[in-house]
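Spelled out from the first residue to the last, the chains are:
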Amino acid sequence: MKILVTGGAGFIASHIVDAFIAKGYEVCVVDNLSTGHRDFVNKNAVFYEADIRDRKAIEKIFQREKPDIIDHHAAQISVRNSVDDPINDAQVNLLGLLNLLETGRKTGIKKVIFASSGGVVYGEAKKVPTPESYKPLQPLSPYGVSKLASEYYLHFYHKTYGIPFVALRYSNVYGPRQNPHGEAGVVAIFSLKLLYGQVPVINGDGRQTRDYVYVADVVKANVLAAKKSVVGAFNIGTGKETDVVKIYEKIRKSTDSQIVAKHGPAKDGEQKRSCLDASMADEKLGWEPQVDLSKGLDLTVAYFKNLRQ
Ligand SMILES: NC(=O)c1ccc[n+]([C@@H]2O[C@H](COP(=O)([O-])OP(=O)(O)OC[C@H]3O[C@@H](n4cnc5c(N)ncnc54)[C@H](O)[C@@H]3O)[C@@H](O)[C@H]2O)c1
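**Q** Any chance you could break down the site of the ligand for me, citing the residues and the numbers?
**A** Looking at the ligand, there are 32 residues lining it, with Phe 11, Asp 31, Thr 35, Tyr 143 and Val 173 nearest. Between the ligand and the protein, one listed contact pairs an oxygen atom with a side-chain N or O atom of Thr 35 at 2.7 Å. Note that an oxygen atom of the ligand is positioned 3.0 Å from one of the backbone N or O atoms of His 73. A total of 830 Å² of accessible area belongs to the ligand in isolation, and the protein chains cover 98% of it. When residues of the shell around the ligand are traced back to their parent elements, those giving at least two are helix 1 (11–22), strand 5 (111–117), helix 5 (142–161) and strand 7 (172–174). Here the shell around the ligand gets three residues from one element, more than from any other, and that element is strand 5. Tallied by class, the residues present in the shell around the ligand amount to 15 nonpolar, twelve polar and five charged. The residues that make up the shell around the ligand include at least three from each of domain 1 (2–172 + 212–236) and domain 2 (179–211 + 240–274 + 292–308).

**Q** Can you lay out the domain arrangement of the protein for me, pointing to particular residues and giving the numbers?
**A** The domain architecture assigned to the protein consists of domain 1 (2–172 + 212–236) and domain 2 (179–211 + 240–274 + 292–308). The distance between the C-alpha centroids of domain 1 and domain 2 comes to 26 Å. Contact residues are listed per partner, giving 19 residues for domain 1 and 24 residues for domain 2. Between domain 1 and domain 2, roughly 1800 Å² of surface is buried when both sides are summed, and carbon and sulfur atoms account for 52% of that area. Inspection of the region where domain 1 meets domain 2 yields zero salt bridges. For the pair domain 1 and domain 2, the interface holds six residue pairs in polar contact (both at pLDDT 80 or more).

Reading guide: rules and limits
Residues numbered from 1 in each chain as written. Predicted model: local features only at pLDDT ≥ 70, side-chain atom pairs only at ≥ 80, totals over all residues. Heavy atoms only, no water. Near = heavy atom within 4 Å. Polar contact = N/O pair within 3.5 Å; in protein donor to acceptor, adjacent residues only side chain to side chain. Areas by Shrake-Rupley, 256 points an atom, 1.4 Å probe, with all protein chains shown as cover. Helix = DSSP H or I, 4+ residues; strand = E, 2+ residues; numbered from the N terminus. Nonpolar A, V, L, I, M, F, W, Y, C, P; charged D, E, K, R; others polar. Domains from an automatic or database assignment. Contact = heavy atoms within 4.5 Å. Buried area = accessible area lost by both parts, 1.4 Å probe. Salt bridge = Lys/Arg side-chain N within 4 Å of Asp/Glu carboxyl O.

Okay, here's the thing in structure tokens:
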């Protein structure tokens, strides 16, 4: 089995590449290194520095590698940037996806795994924890719209060309190698500030909640998605809501810091609550989160501490 992982030099997918290689899959990585790092890419993976929007480059890679599975993680990941430049967001997140799907269907791909986002596709849901069946889906940013539209494209390719897909709607993913721009960016930001003796700023009252899932649990969801013959979108989260003040307190404890955070102005349009009901992933994929927040934060802080030394 050969898996082509896009975004495999980035935070989440570099861990996924490590896991697939450990399980004996052949893995190739496509990444333009816009936010990813060459050092994160497993030495046993074939690496292509290429942009998912580049039709010729992608065609050449697919002709050569003929992957069985695409595990698609390359993306414009910033909610804020998507608001500032929705055209760029759509170019990377939608046209990039279509380029992979159009090329892949011609070279015989058998499955697509897609990094969707349960943190953004539901918008400000009235039911929390939110299940996949929740309606209406009302993303609050172009990034959320592109994630949801991507799922619809995957549905189209499944119905029209028989290519199965698993869209994993992650909650807020944190862990070693994460960068400050993603959906759980606050964990990296607070960890780095406290480790460098700087004062973190909490936006508004800090009572906005998120569902923080540790990266190793997300990796397991990808491994299961590659193995199981299921199709559709699945929430990947813990079902536990944590607010920003609590995250700050936990990271302060992990870093053994005495620094007191400041409160800044609330960010316009920021989603207030987000938390996912992942019982369908349990039922259909056999997935359950295993790393609790305190343990996951300790592991993440240890990573950042090590980087500093
Ligand atoms: N971090 C989270 O909390 C979270 C939550 C939900 C969904 N996701 C999704 O998971 C995926 C991975 O996110 P991450 O947090 O690891 O971010 P990341 O920025 O670390 O990884 C993205 C990778 O994609 C690469 N990339 C970006 N644009 C590219 C392009 N045009 N061509 C080729 N490569 C390109 C980057 O260089 C980077 O290595 C993304 O699709 C993101 O939307 C992340």
